[in-house]
Each structure stands twice: as structure tokens, then as C-alpha cells.
Amino acid sequence: MSWRMETPPLAPVARSRSWTPGHVLLPLGAAVCLLPVVSTGLALLAGLGVAMTVGNPFVATTRKLTPRLLSLAVVGLGAGMDLGAVLSAGREGLGYTVVGIALCLTLGVGLARLLGVPRVTGLLISVGTAICGGSAIAAVVPVLRPQEYETSVALGTVFLLNAVALFVFPVVGHAVGLTPHQFGLWCAMAIHDTSSVVGAALRYGPEALAVATPVKLARALWILPLTVGLAAWKRREGDAVTGKVRRPWFIAGFLGAAAVVTVFPALKPVGQGVAAVARQVLVVTLFLLGAGLTRDTLRAVGLRPLAQAVALWLLMAGLCLGALHLGWVG
């Protein structure tokens, strides 16, 4: 079974046969987001606006489409980067990633117990925060076998915080004087989903993007050992495990694209063109992600899980920012 950046559906979506304004506004908004003048933040807001006002009549389709588009965008971004710089950034972030994931999981489980969040829901939120948001949650669903509402709660909280991070992180980064290199490390370590990491770094500048992308992808690789570890733990407790561990093939695609333009310098102009297209595909992806936030999703998020998710996110973001300022990171 191939590994794809996807999340399970938040809830069954009824299909309406009647025409609504959303049938026009959603495809029109996606088309407009292909224009270079549209930023990642504006695209996400536009998608949220469509979802909250006229509704998304294609919500089941967009939830399937967004992880595929995100995978393509990540691979395309690799065509605009030097493989040596990518590997250097990935190695630099490796140690931070191991410590950060272990610390985040420990804090997340502790906060869940403290706040009375159900064990599986708390673990899903912790995994999503520690590694790569919805993709990590989707990867461990076959292992943890949560109830549908538990998955919905975890995905909903992660999505909300990703939307906030896309706007807040660049503002904070400029306010505290982070260099593009430092900001790339910070958002790669402290923002959940790859889409928001890349989106926030893109707003900060190309150097931040060049650092954030490989560090975030190195972090995403930890889905594999974490899922295997959780499966072993569940079997030891006598619980059945369904499904297979998904493999992040899109990361290999990203590295492959960077390798091609590095080995064959004559292809760099083509690679830059591919990367430019990939950046706009990312903008469209964020529009569709925003359009996937329905009122049902918001209703599914309870106060205690949201409190756990926010507290864990603020703790990790604050600790990472403090480590950068003290010179322990970067």
C-alpha cells in the first residue's frame, strides 16, 4: 500500500443534487489561486470564507484532492533547490527533530491526562503535533483504531492551529528578529502540517523555504518508526492492528527532483519554472484546505481536546523559539 499525504474523512458528507453558489465559487476560487498575485494566507482565508458562508458542495472530493496536490507541490519545490543544501539542512534538523518529537509526545500525553482528554484522542493530537499534523494522524489510525469522532476531533484541532500558524508565525518571526534561516527551522519544528510549514516559510522568503522544507520532510520520516512502535505497543496490550504502514514516497520525489537539477545544472532554469508552478499549486492546496473546514468540523472539536492542542502547540513553539534565541538550535 503506497504512502500518500492524506487524512481520513472528518465525517460522512451528504451529496446535494441542488445547485448552490458554492458550485461556482469553489472552482472559481481555485482557478484564481493559480495567479501569482494570490498569497498562501489569502488563499487559505478565501477557502475558509467559502466554507463558512456558502458551503463546500465538493467537500469529499477536495479532502481527497488536497493531499495529492500537496505531494505534487512538495516534489515540484525540490526542482528549485540544490541537493547539497537540502541534505545539509536535513542533517542539521535531524537531532532537533528527534528531541522535539520525544518531548512533544511526552508533554502531549501528560497534558491529555491533566485535562481529562480521552487517551486515544489525546494521543492522536500529540502525534499530529509532534510529526506532521493530519498526515501523521492518518498514518496511525489503522494502528490506534479510534472512533470516527475521535479522528474528527484530532484533525479539526490540528487544522485550526495550522490555519492560525500560517498567519501568526511570520508576524512573530519578524517581531523577534529571526533570520530567514532561523525562521525556517522554527516553523519546521513548531508547525503541524507540511502545507502550513511551506506556506509560512514561503511568506518569509526563499531562504526560509529552502531550510524549512527539508527539515520538515526529515521530521515527516518519523511517521514510519512511530507507527511501527505504536503497533508493537498495541499488540503487546493484546489489541488487533489493521492496515499497513504507509511510506512517504513524496519525500523521495522531492529529493529526486533536487538531485536532477543539481547533477545537471543546465536544467536549473527548467527546475525554477517547475518550482514556481509548484508554489502556486501549494496556494491552490491551501485554498482547498480552507474550504474543507466545515461547521460540522468545528462542532466536533471539544473544549478539552482544543485546550490540550493549544497548550501543547504553544509550549513547543515557545521552547523552540527560546532554543533559537539561546543559540542551542541553528
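Only a predicted model underlies this, so the values are computations on that prediction, with no experimental measurement involved.

Observations regarding the nonpolar core
Formed by 91 residues in total, the largest nonpolar core has its most connected members in Ile-131, Phe-169, Phe-183, Trp-186, Cys-187 and Phe-287. Leaving out residues up to four positions away in the same chain, Phe-183 has contacts with Phe-169, Pro-170, Gly-173, Leu-178, Ala-200, Ala-201, Tyr-204 and Ala-208.

Structural notes on the packing of helix H3 (residues 59-78) against helix H12 (residues 249-263)
Where H3 meets H12, the closest approach of the two axes is 6 Å, and the angle between their N-to-C directions is 25°. In terms of orientation, H3 lies roughly parallel with respect to H12. The handedness of the crossing between H3 and H12 is right-handed. Touching Ser-71, Val-74, Val-75, Leu-77 and Gly-78 of H3 are Phe-250, Gly-253, Phe-254, Ala-257, Ala-258 and Val-261, all from H12. Its residues placed into classes, the contact of H3 with H12 shows eight nonpolar, three polar and no charged.

Quick notes on the UniProt feature "transmembrane region" (unreviewed entry) in the chain
Residues annotated by UniProt as "transmembrane region" (unreviewed entry) correspond here to residues 24-48, 69-88, 94-115, 122-141, 153-176, 249-267, 273-294 and 306-328. End C-alpha to end C-alpha, residues 273-294 measures 35 Å, and it is 86% helix and 0% strand.

Observations regarding the layout of surface pockets
Considered as a void within the structure, the largest pocket measures approximately 340 Å³ in volume. Forming the walls of the largest pocket are 20 residues, and the residues nearest its centre are Tyr-96, Val-99, Gly-100, Met-189 and Cys-320. Of all the secondary structure elements, the ones that give two or more residues to the lining of the largest pocket are helix H4 (83-115), helix H5 (119-130) and helix H15 (303-325). For the lining of the largest pocket, the residue count by class is 14 nonpolar, five polar and one charged.

With respect to helix H10 (residues 206-220)
Here H10 spans 21 Å end to end across 15 residues, near enough to the 21 Å set by a 1.5 Å rise per residue. Counting buried positions over the 15 residues of H10 gives 12, a clear majority of the element. All buried positions along H10 are accounted for by Ala-208, Leu-209, Val-211, Ala-212, Thr-213, Pro-214, Val-215, Lys-216, Leu-217, Ala-218, Arg-219 and Ala-220.

Quick notes on empty space enclosed by the protein
Applying the stated criterion across every chain yields a total of three cavities of 30 Å³ or more. In this model, the second largest cavity occupies a volume close to 60 Å³. If you trace the second largest cavity, you find it lined by Leu-44, Phe-159, Asn-162, Ala-163, Asp-193, Ser-195, Ser-196, Leu-286 and Leu-289. Counting residues per element, the ones that place at least two in the lining of the second largest cavity are helix H7 (148-175), helix H9 (194-204) and helix H13 (268-291). Tallying contributions element by element places H7 first for the lining of the second largest cavity, with three residues.

Cut-off values and rules
- Note that residues are indexed from 1 along each chain, following the sequence as it is written.
- Totals for whole chains, interfaces and linings use all residues, but because this is a predicted model, local features are given only for residues with pLDDT of at least 70 and pairs of side-chain atoms are given and counted only at 80 or more.
- The basis for the side-chain values is all heavy atoms of the structure; hydrogens and waters are excluded.
- Buried residues of nine kinds, namely Ala, Val, Leu, Ile, Met, Phe, Trp, Tyr and Cys, make up a nonpolar core once their side-chain atoms join them within 4.5 Å.
- Only protein chains enter the area calculation, which uses a 1.4 Å probe; residues under 20% of their type maximum are buried, those over 50% are exposed, and those in between are partly exposed.
- Note on contacts: a residue pair qualifies if any of its non-hydrogen atoms lie within 4.5 Å across the two residues.
- Fitting a line to C-alpha atoms yields each axis, with helices limited to the stretch in contact; the angle taken between N-to-C directions then spans 0 to 180 degrees.
- Helix numbers and strand numbers start at the N terminus; a helix is a DSSP run of H or I with at least 4 residues, a strand a run of E with at least 2.
- Note that the term roughly parallel is reserved for angles under 35 degrees, roughly antiparallel for angles over 145, roughly perpendicular for angles of 65 to 115, and oblique for everything else.
- Note: crossing handedness is left-handed where the near helix turns anticlockwise from the far helix by less than a right angle, and right-handed where it turns clockwise.
- When residues are sorted by character, Ala, Val, Leu, Ile, Met, Phe, Trp, Tyr, Cys and Pro go into the nonpolar class, Asp, Glu, Lys and Arg into the charged class, and all the rest, Gly among them, into the polar class.
- UniProt positions are given in the numbering used here, feature names are shortened, and annotations may be inferred rather than shown by experiment.
- For each structure, a 1 Å grid was placed over the protein atoms alone; sets of points admitting a 1.4 Å probe that cannot get out are labelled cavities, open sets with protein on both sides within 12 Å along at least five of seven lines are labelled pockets, and lining residues have an atom within 4 Å of a point.
- Grid points are joined across faces, edges and corners, and a volume is the space filled by probe spheres set on the points.
- By definition here, a helix of n residues has an expected span of 1.5 Å times n minus one.

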